[in-house]
Amino acid sequence: MNKIIWILFVFTTFIVFTFFSSKEFSFILTLAQQFQCFGFGYVYFTIRSTKSTSGLSQNTFICCAIALFSRLLSILIYEGYLPSDASGDYVYKFWEILSFIFCILTILRLKNEEEAIKWYYIAPPMLLLSALIHPGLNNHFIFDIAWTFALYMESFAIFPQIHLFTKQQSVIEDHTSSFVVTQSLTKIICVIFWYSSYEELNSGIDKYSISLYPDLSGYFVMAAQIISILITADFVYKYMQCWRKGQPFIILPY
């Protein structure tokens, strides 16, 4: 199933790039959201067919759902953070909506297992931080905060899942490890994009904004995504080792 998923991903990327893109650099943001969507979809269809949800963090998926909903509030009303590429008109939004649907469907199937890192440990400080430090590309502070909150929230959403791995000390299912890797790839692609244009985020806030340091917004956006990459770095490294050896699962050390 893993091979089928990635073949479908490559085929879909070709179709989108050929027929729905204007071939601009910002297309990579659409590609990033496509990676994310395929990660959510792979998890959902796997647990739907296997009836097994072991090893998946409900709190990570709740964090992701909150982030996706918050970003949708921003991008469905304003266009400030959409890719300038033609794919940003519809395809980018489509991947976001589909990701949200897959995420909610997955949450409904997950068991409420005991986890040390709860979603409500992450959401309040991220909301406060986004209110205090956010860019202003939408020129509307509420929807600028919504987009920034989504990015901050999403950057730390994977932490409950990684923490759960350290407590399992066992075999990790392929769809679970693939989900973590796709989330990491999404952040890597986003960092590549924002590295070339993060300075745009350091200006343009509206007069009602409560952002304390608007000239630092771009740096915070970059830092949040880099932190997310670092959180998953060790896991991704072990994943790549297993992939090279042809092992279907990642075995964490005892």
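The sections below set out a description of the structure shown in this document.

Here we look at the overall build of the protein chain
When helices and strands are counted, the protein chain shows nine helices and two strands. Overall, the protein chain shows an N-to-C arrangement of helices and strands of α-α-α-α-α-α-α-β-α-α-β. The principal-axis extent of the C-alpha atoms belonging to the protein chain is close to 55 × 45 × 30 Å. Of the contacts made within the protein chain by residues no fewer than 6 positions apart, 81% connect residues no fewer than 24 positions apart. Accessible surface for the protein chain amounts to roughly 12,200 Å². Of this, 68% is attributable to carbon and sulfur atoms. A distance of 12 Å separates the average location of the 15 positive side-chain charges in the protein chain from that of its 17 negative side-chain charges.

Section: helix H9 (residues 217–245)
One full turn of an α-helix is made of 3.6 residues, so residues set three or four places apart face in the same direction. Taking 1.5 Å of rise per residue, the 29 residues of H9 would be expected to cover 42 Å, and the 42 Å separating its terminal C-alpha atoms lies within 8% of that figure. The largest bend in H9 is about 50°, located at alanine 233. Looking one or two residues beyond H9, the residue adopting positive phi is glycine 246, at roughly 75°.

Considerations on the packing of helix H6 (residues 141–157) against H9
Contact geometry of H6 with H9 gives a least axis separation of 8 Å together with a crossing angle of 20°. Compared by their axis directions, H6 and H9 come out roughly parallel. For the crossing formed where H6 meets H9, the hand is left-handed. Facing Trp147, Leu151, Tyr152, Glu154, Ser155 and Phe156 of H6, the residues of H9 in contact are Phe220, Val221, Ala224, Gln225, Ile227, Ser228 and Ile231. Partitioned by chemical class, the residues of the contact of H6 with H9 number nine nonpolar, three polar and one charged.

Some words on a nonpolar patch on the surface
Together, Leu76, Ile77, Ile97, Ile101, Ile104, Leu105 and Leu108 make up a nonpolar patch on the protein surface, roughly 600 Å² of accessible area in all. By secondary structure assignment, the location of isoleucine 97 is in helix H4 (residues 91–109). We classify isoleucine 97 as partly exposed; its relative accessible area is 36%.

Some points on the environment of threonine 53
Inspection of the secondary structure puts threonine 53 in the loop between helix H2 (27–50) and helix H3 (58–75). For the pair formed by threonine 53 and glutamate 173, sequence separation is 120 residues and the distance between their alpha carbons is 9.6 Å. Contacts of threonine 53, omitting those with residues within four sequence positions, involve Ile47, Arg109, Leu110 and Lys111.

Structural notes on unusual backbone geometry
Among all residues except glycine, the phi angle is most often negative; among peptide bonds, the trans geometry is most common. For lysine 23, which is not a glycine, the phi torsion comes out positive at approximately 65°. Assignment of secondary structure puts lysine 23 in the loop between helix H1 (2–19) and H2. On the basis of relative accessible area, lysine 23 is assigned to the partly exposed category, the value being 45%. With phi around 55°, asparagine 139 is a residue other than glycine that occupies positive phi space.

Description of the pattern of salt bridges
For the structure shown, the criterion picks out five salt bridges. In this structure, glutamate 96 engages arginine 71 in a salt bridge whose closest nitrogen and oxygen atoms are separated by 2.4 Å. Of this pair, glutamate 96 sits in helix H4 while arginine 71 is found in helix H3, placing the two residues 25 residues apart along the sequence. For the pair glutamate 96 and arginine 71, a shared accessibility class is recorded, and that class is buried. Here lysine 187 and glutamate 154 are joined by a salt bridge, their closest N and O atoms 3.3 Å apart. Within this pair, whereas lysine 187 is found in helix H8 (residues 174–197), its partner glutamate 154 is found in helix H6, the two being separated by 33 residues in sequence. Glutamate 154 matches lysine 187 in its accessibility class, with the two residues each being buried.

The rules we used
- Each chain carries its own residue numbering, running from 1 in the written order of its sequence.
- Only residues with pLDDT of 70 or above have their local features reported here, since the model is predicted, and side-chain atom pairs are shown and tallied only from 80 upward, although totals for entire chains, interfaces and linings are computed over all residues.
- Hydrogen atoms and water are omitted, and side-chain values are computed over all heavy atoms in the structure.
- In this description a helix means any DSSP run of H or I spanning at least four residues, a strand means any run of E spanning at least two, and both kinds are numbered starting from the N terminus.
- Any two residues having at least one pair of non-hydrogen atoms within 4.5 Å are treated as being in contact.
- For the accessible areas, the method is Shrake-Rupley and the probe is 1.4 Å, while residue cover comes only from the protein chains on display.
- By the counting scheme adopted, Arg and Lys are positive, Glu and Asp are negative, and His together with the chain ends is not counted.
- By convention, the charge on Lys lies at NZ, on Arg at CZ, on Asp at CG and on Glu at CD.
- What a helix is expected to span follows from its residue count: subtract one and scale by 1.5 Å.
- We define the bend at each residue as the angle formed by axes fitted to the 7 residues ending at it and the 7 residues starting at it.
- Where helices are involved, their axes are fitted lines through C-alpha atoms of the stretch in contact, as for all axes, and angles between N-to-C directions lie from 0 to 180°.
- An angle below 35 degrees is treated as roughly parallel, one above 145 as roughly antiparallel, one from 65 to 115 as roughly perpendicular, and anything else as oblique.
- Crossing handedness is defined as follows: a turn of the near helix away from the far one that is anticlockwise and smaller than a right angle gives a left-handed crossing, while the clockwise case is right-handed.
- Polar here means any residue outside two lists: the nonpolar Ala, Val, Leu, Ile, Met, Phe, Trp, Tyr, Cys and Pro, and the charged Asp, Glu, Lys and Arg; Gly therefore counts as polar.
- A patch consists of residues whose relative accessible area exceeds 30% and which take part in no salt bridge; residues with like charges are grouped when within 9 Å of each other, and nonpolar side chains (Val, Leu, Ile, Met, Phe, Trp, Tyr) when within 5 Å.
- We define a salt bridge as a side-chain nitrogen of Lys or Arg found within 4 Å of a carboxyl oxygen belonging to Asp or Glu.
- Buried means the residue's accessible area, taken with a 1.4 Å probe over protein chains only, is under 20% of the maximum for its type, while exposed means over 50%, and partly exposed covers the values in between.

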